[in-house]
Amino acid sequence: MTETHRIHYAWIICLGGTLMLFTSLGLGVNVFSAFQPYLLEYAGLSNTQGAWIITVRSFFILVGMATANWLVDRLGIRLACTLSLLMLAASSFLFGAVRQFPLYCLAAAMVGLVYSWAGMIPASLLISHWFQDRRALALSIVAAGSGLATIVAPVPFTTLIQTFSLRVSFWTQGTIMLLAAVLFWFLVRDRPEDAGLSPYRTSGGEAAPVRPRPAPAGFTPTYQVLVLAAAFLVGAATSLGITDTGVLYSTAGYPQAVVAQLISCMGLCMIVGKISYGQVVDRMGGRMANYIFFGLILIGYALCCLADTGNIPLAFAAMVISGFGLPLCAVSPPVWARDLYGDENYARGLKWVQTIFALGIFVVGPVPGALADWTGSYIPAYAMFWVMLLVSLLLLGWVYARTRAGGRPER
């Protein structure tokens, strides 16, 4: 078999990474917004308790981010991620089996670890091993897996809840997660050398030298702090914005069937947005991608703040535009790490950016539920998210402009 006449196995690795994020980020985290209103009602929990479940998950996302590189170094990407997906399935079975708040927190802790251990850090490392060219596109396809889950899962899972029970829906999800773990194990290898191959390249031949991307010369410690501050704000505003979509519209009085459709609509647009983001980065650079996609999500969240109007077309417009902008929650941190830290320090930079990203989710996590208990609406939370995103855009725009990072790639 020759690499020149067949699809490079790197694209199969890309498929395996997509399946992993479909399961860990998509089913494990994003689709939880469809379960959350039913879970609060089923167990008699307050909005604040519901927010604390998310906060526990966010804390263990942070723990997972800090330990993901260590786990991958010890076990390898393939084994570490497979075991993590099996743990995710166990968490879904636990969610379905109990109705006590402390046990929900335990299940959420497991989900949080898997979000990191089978999430963007190992996916980014896997893509960096297998792709020399078209990395942003490959990474955006992998990240689109979480959006795919947000499209296909909310409506059937909501139907299962309404037709049978919350337990049946959670256990069905757990079974799907088990199957995904097995399939991931059979598809993925850590490095091209493990399969007797070389990394994917678009041109240049096998003998062409690899030119690592250096870090920009002007990337000072002060600028590093600004980037991490932006990651903190983006992490909270995007991840919590996705998670709270269901309660935003259900609290505003929208029918549950419409809420599920809104979440699926957002997921579809997330897929398109993530793949588009990869294309923009590969062709125009990370700097221009920041301006385009921050602009989209700022418009989308502004429309989310109009949820109390009860206008269903406006709600769908909010989901469409927000979905197009939500690559910021998954694909952007690896791009920022590569643009600003360079290839040599990519793994270290990615760890820091993703860890502070997760810290933002953890610290801000209880705030939306507390605001909702105080005001009776999640709209104040989305107004807060909008301000956080605007500040993060200003910080990143300043750093990129001053360091001249993320310009149009050389051809």
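Heads up: these notes are all about the structure in this document.

About the thresholds
Counting restarts for each chain: residues are numbered from 1 in the order of the written sequence. Thresholds applied to this predicted model are a pLDDT of at least 70 for local features of residues and 80 or more for the giving and counting of side-chain atom pairs; totals over whole chains, interfaces and linings are not thresholded and use all residues. Side-chain descriptors were evaluated using all non-hydrogen atoms of the structure, hydrogens and water having been removed beforehand. Helix and strand assignments follow DSSP, with helices taken as H or I runs no shorter than four residues and strands as E runs no shorter than two, numbered in order from the N terminus. In this treatment the radius of gyration is a C-alpha quantity, and the globule benchmark scales as 2.2 Å times the residue count to the 0.38 power. Throughout this description, buried means an accessible area under 20% of the type-specific maximum (1.4 Å probe, protein chains only), exposed means over 50%, and partly exposed covers the range between. Contact definition: two residues touch when any of their heavy atoms are within 4.5 Å. Areas reported as accessible are Shrake-Rupley estimates using a 1.4 Å probe. Residue values count occlusion only from the protein chains shown. Positive charges come from Lys and Arg, negative ones from Asp and Glu, while His and the chain ends are left out of the count. Charged groups are reduced to one reference atom each: NZ for lysine, CZ for arginine, CG for aspartic acid, CD for glutamic acid. Only Phe, Tyr and Trp rings take part, Trp by its six-membered ring, and two of them pair if their centres are within 6.5 Å. Stacked means planes under 30 degrees apart, edge-to-face means over 60, and tilted covers everything else. Look at NZ for Lys and CZ for Arg. If either is within 6 Å of the ring centre and within 35 degrees of the ring normal, a charge sits over the ring. Residues enter a nonpolar core if they are buried and are Ala, Val, Leu, Ile, Met, Phe, Trp, Tyr or Cys, with the set joined through side-chain atoms within 4.5 Å. Axis lines are fitted to C-alpha atoms, over the contacting stretch for helices. Their N-to-C directions set the angle, which ranges from 0 to 180 degrees. Working rule for angles: under 35 degrees goes down as roughly parallel, over 145 as roughly antiparallel, 65 to 115 as roughly perpendicular, anything else as oblique. Residues are sorted three ways: Asp, Glu, Lys and Arg are charged, Ala, Val, Leu, Ile, Met, Phe, Trp, Tyr, Cys and Pro are nonpolar, and all the rest, Gly among them, are polar. Only protein atoms enter the calculation, which uses a 1 Å grid: trapped sets of points that fit a 1.4 Å probe without letting it out are cavities, open sets showing protein on both sides within 12 Å along at least five of seven lines are pockets, and any residue with an atom within 4 Å of a point is a lining residue. Grid points are joined across faces, edges and corners, and a volume is the space filled by probe spheres set on the points. Two axes enter the bend calculation: one fitted to the seven residues ending at the residue in question, the other to the seven starting there, and the bend is the angle between them.

A word on the overall build of the chain. From N to C terminus, the chain includes 18 helices and zero strands. In terms of C-alpha radius of gyration, the chain reaches 20 Å, essentially the compact-globule figure of 22 Å for 411 residues. Its C-alpha atoms put the chain at 65 × 45 × 35 Å along the principal axes. Counting every position in the chain, which comprises 411 residues, the buried fraction comes to 58%. Pairs at least 24 residues apart make up 84% of the contacts formed inside the chain by residues separated by at least 6 positions. Approximately 15900 Å² of the chain is accessible, and the part contributed by carbon and sulfur atoms is 67%. Seen as two clouds, the 23 positive and the 16 negative side-chain charges of the chain have centres 3 Å apart.

Glancing now at the packing of aromatic side chains. If you walk through the whole model with that rule in mind, you get 17 aromatic pairs. With centroids separated by 5.3 Å and ring planes inclined at 80°, the aromatic side chains of Phe219 and Tyr341 adopt a geometry described as edge-to-face. Here the residue Phe219 occupies a position in the loop between helix 9 (166–187) and helix 10 (221–243), and Tyr341 occupies one in helix 15 (residues 332–341), the gap between them amounting to 122 residues. On the basis of relative accessible area, Phe219 is assigned to the buried category, the value being 10%. Each residue in the set Phe32, Phe35, Phe95, Tyr104, Phe157 and Phe170 is aromatic and connected to the rest through ring pairs, giving one cluster. In this structure, Arg78 packs its charged tip against the face of Trp185, placed 3.6 Å from the ring centre. The positively charged end of Arg99 is found above the aromatic ring belonging to Tyr42, 4.1 Å away from the centroid.

This part takes up the nonpolar core. Counting residues in each nonpolar core, the largest one holds 145 residues, and the members touching the most others are Phe95 and Tyr249. In contact with Tyr249, other than residues within four places in its own chain, are Tyr254, Val259, Leu262, Cys304, Ala307, Ala315, Ala318 and Met319.

Attention now goes to unusual backbone geometry. Not every positive phi belongs to a glycine, and Arg404 is a case in point at roughly 60°. By secondary structure assignment, the location of Arg404 is in the segment after helix 18 (379–403).

It is worth spelling out the packing of helix 4 (residues 77–97) against helix 9 at this point. Helix 9 packs onto helix 4 with a crossing angle of 170° between their chain directions and a minimal axis gap of 7 Å. By the criterion of interaxial angle, the relationship of helix 4 to helix 9 is roughly antiparallel. Of the residues belonging to the contact of helix 4 with helix 9, the class tally is 18 nonpolar, six polar and two charged.

As a further point, take empty space enclosed by the protein. Applying the stated criterion across every chain yields a total of four cavities of 30 Å³ or more. Quantified by volume, the largest cavity comes out at close to 120 Å³. Surrounding the largest cavity, 13 residues form its lining, Val29, Asn30, Tyr115, Ser239 and Ile242 being those nearest its centre. Secondary structure elements with two or more residues in the lining of the largest cavity: helix 1 (10–30), helix 3 (47–75) and helix 10. Across the lining of the largest cavity, the residue classes tally to seven nonpolar, five polar and one charged. When its volume is computed, the second largest cavity comes out at roughly 60 Å³.

A few words on helix 1. The largest bend in helix 1 is about 30°, located at Phe22. Across the 21 residues of helix 1, 18 count as buried, placing the element largely inside the fold.

Everything listed here is a matter of geometry and, on its own, says nothing about what the molecule does.
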